[in-house]
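These are the residues of each chain, in order.
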Amino acid sequence: MRLALAAIFALHLAWGAPPTPAAHFGESIGRDGTVLDWDKVVSYFQELEKSSGRIKVHTLGQTTGGRPLIAAFISDETTLKNLDRYQANQKKLADPRRTLPAAAEQLIARSKAVVAITCSIHSNELASTHTATEWAYRLITQDTPKLRAIRANVILILVPSLNPDGVDLVTRWYRRTYGTQFEGTTPPELYQKYVGHDNNRDWYMFTQIESRLVAEQVFNRWLPQIVYDVHQMGQRGARMFVPPWIDPIEPNIDPIIAQECNMVGTGIAADLTAAGKPGVLIHALFDYWTPGRHYQSYHGGLRILSESASARLASPVQIAAEQLDPRESSWNYLEPWPGGQWRLRDIMDYQLIAMESVAFQAAARREDFLRNFYRIHQRAVSRKTPYAFVVPATQRDPGATRKLLETLSFGLVEIDRAEAPFTAGGKHYPAASHVIRLAQPYGAYAKALLERQRYPDLRQYPGGPPKRPYDVTAHTLPLLMGVEVDTIAEPFAARMTRAASFAAAPSLAAPDTEAWRGINRAWNAGSAVYRDMSTGDFYTGGVRGRNVKQIARPRIGLYKGFVPNIDEGWTRWVLEQFGFSYTSLGNREIQHGGLRQSYDAIVFADQSATSITEGYRAVSMPPEYCGGLAENGAAALKEFLHSGGTLVFFNEATEYAFKQLGVPVKGGRVRTSNRDLYCPGSLLRVKLKTWHPLTLGLPEEIAIWMGSSPVWEVEDSMSVVRYPQSGILDSGWLLGERHLAGHTALADVPYGAGHVILFGMRPQYRGQSYQTFKLFFNALLGR
């Protein structure tokens, strides 16, 4: 034993001493006013790798902005030399159909627990990237019993930032404003190019490069038993939240996973309290509902979240006791923080304890976590009902169908393709239909995304207002994407093979979302595009039929003020994905006027009317970032409408059309309290006027995403999409259906020689709602 320890010690010396964070960065990280450059973070991890056999740094790929996205694998030297073997063990334990219990026990005895720690996906929550650098240094250099146990029993995958582009963006802004009245403010642009804060809502659709890279190369390849996602929250609450989660728990999450989250979360809380860190909150604020934030929990692992109280980026804050909420001790907040100064260093200290706690719990209970990982998958492959989902080969929208299947497949769902016709659930299906049997390791993930959600009616007190969900309540992909998917309760026979890819023939048919990519390719190639205004189908080979007209490529403007707007970013992303050219229009560009000379349609994404009109107040941002469209901007938009232009407003932005433009709509927005009408991100059924130009390519009934969105009473001639009289909820949670019944969710309002299109929804919702993309795209083509 002494010889073995001596050999390990000699090997460690041979590598040379790893540099301290202070030596590499030139200052003590965590000090007030300290922010990091991403290239220095990357080079620090590379220096650690050069100087220690306990860390390997992998570049996962390039971010949206072209920066390296890295993951550091930390364990003992022997483990890191055999990563392929341990990765193979993980995959064997994840599939009990191929690994019998006796073989699983042998694997458990010689496998490591895998823990992934992900940092600073939200770049204004900057502390965890600092913490990751210090934690990596400690883990590979210090020789405490806990750290030895972690290195011996755990493969730690440390992602120092899920959003490197945002690290640099926030760093630049902080340095620019340091020492001014604007020090510690959030930058006036999205810290992820397209989706900002919504990058942590992208864990099933995987629209963004960063989430795809981490899912593909960390989560899917390594199947961690624990993913610890490190965040920050507001300044005046608890000092740190950790699980248990509050209700509701999404029903497809295995109870073993939920119970282990409770165990690990309370373990972190105990370790923090024992270390003299007050203000730890459990079982509050955050639910365990949507796979958009909890991907790993549908793949056999825990998703542990911590939310630390924030400073002003890297500047301290002073908080009086009376400003805090909560302030009193309770069972889930046992030792209140008394108030005082709160700094970046404080956040890091809490996070360092939490990181060590998670990793040590995984080390101390390595066999339990691995055995339960195997049991979770045993339960998954033993599912009896429903038996399967079937995606018929014949679909209105082949492009959206392909995207749905690709999304599931990317999430490791096994999908079979029928080689011959078959019958299931009393229905006949043609060859090439796809079958997703749920008795598979990730059947729960497929079920969560394909079935309709029934969110519970949770109230603050009996008969009181609803409890606000942390995020949305519905994520049913077939409804979002307009794809027919059938649930089959009982087993059936069919000749099938595993589907490795999903093809859809190029089409210019109106119901096919891919038609919009097709016509943009045609415009790029200089081809003329025609449209049958009866069916909505496009053509590029000349005029066909009596009701066919040539369609000019729309000249699109997209409003982009100084206030960062996530929905504007999503709109940019969707337009680019489908090949549309557009120009971002700021306040000055619109105020200058003459818009009709350059634009056919101008889009306003979901944003408050006040934000559009006023923007940032002068005291909150440097002068060059303040202000909104003001009166002269509204005048320019009115001129644009009178000249025959189209204005398109999403969701809350529609209020601007009423208040500032005087859009002539009879009745206006329906307003009630949330006790009477409440829809916190659900999918609702609506009826369409199928003959209207805005609805070409769509059926008479669809589901739209509705999140406390406006509805109106308008003249029938202006109403394009209405809610039915009953049966409105398709998926999620809705209170007060009667207040929506018969009201309008999409209006086309004539204004001068132009039109105002009012969407009581977000038709491009998080890059997911393929069915309502067509409503948006049709609006861009004008009349």
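Basis of the calculations
Residues numbered from 1 in each chain as written. Predicted model: local features only at pLDDT ≥ 70, side-chain atom pairs only at ≥ 80, totals over all residues. Heavy atoms only, no water. pLDDT = per-residue confidence, 0-100. Contact = heavy atoms within 4.5 Å. Pairing = 2+ DSSP bridges. Helix = DSSP H or I, 4+ residues; strand = E, 2+ residues; numbered from the N terminus. Axes fitted to C-alpha atoms, helices over the stretch in contact; angles between N-to-C directions. Buried < 20%, exposed > 50% of the residue type's maximum accessible area, 1.4 Å probe, protein only. Core = buried A, V, L, I, M, F, W, Y, C linked by side-chain atoms within 4.5 Å.

A. Spatial organisation of the confidence of the model for the protein. Counting all residues, the mean pLDDT for the protein is 96, and 97% of those residues have values of 70 or more. Contacts of residues 1-13 to residues separated by more than four positions or lying in other chains number five contacts, the stretch itself having pLDDT below 50.

B. Examining the sheet that holds strand S10 (residues 302-309) more closely. Strand order across the open sheet formed by eight strands is S1-S2-S4-S3-S5-S10-S6-S8, with mixed pairing between neighbours. In this open sheet, the two strands that pair with only one neighbour each are strand S1 (55-62) and strand S8 (280-282). Looking at each pair of strands side by side, their axes are set apart by 20° on average, direction ignored. Relative to S10, strand S6 (residues 240-242) runs antiparallel, the two being bridged by two bridges.

C. Looking closely at the pairing of strand S5 (residues 226-233). Burial analysis of S5 places eight of its eight residues in the buried class, which makes it a mostly covered element. Two strands pair when backbone bridges link them, and S5 and S10 are joined in this way by eight bridges, in the parallel orientation. Looking at the pairing, Asp229 lines up with Leu305 of S10.

D. Region of interest: the pairing of strand S25 (residues 601-604). Side chains Ala601 and Val603 project from S25 onto one buried face, and the interleaved Ile602 and Phe604 project onto a second face that is buried too. As defined by bridge partners, strand S23 (residues 556-559) adjoins S25 across three bridges and the pair is classed as parallel. Note that in S25 the partner of Ile556 across the bridge is Ala601. Bridge count for S25 against strand S26 (residues 646-650) is four bridges, and the pairing is parallel. Bridge pairing in S26 links Val603 to Val648.

E. A look at the sheet that holds strand S18 (residues 486-488). On the basis of which strands lie adjacent, the open sheet formed by five strands has the order S18-S13-S17-S14-S19 and antiparallel pairing. Strand pairing shows two members of the sheet lacking a second neighbour, S18 and strand S19 (496-498), which therefore form its edges. Averaged over neighbouring strand pairs, the angle between their axes works out to 30° when direction is ignored. Here strand S13 (residues 388-391) runs beside strand S17 (residues 434-437); their pairing, made up of four bridges, is antiparallel. Bridging across to S17, Ala388 finds its partner in Arg437.

F. Geometry of the nonpolar core. Residues Ile117, Trp135, Leu158, Ile436 and Tyr723 are the most contacted members of the largest nonpolar core, which totals 206 residues. It is helix H12 (residues 344-364) that provides the largest number of residues to this core, a total of 11 residues. Excluding residues within four positions of it along the chain, Leu158 makes contact with Phe45, Ile70, Ala71, Ala72, Ile74, Ile117, Cys119, Ala132, Trp135 and Ala136. Counting 32 residues, the second largest nonpolar core, distinct from the first, contains Leu585, Ile602, Ala636 and Val665.

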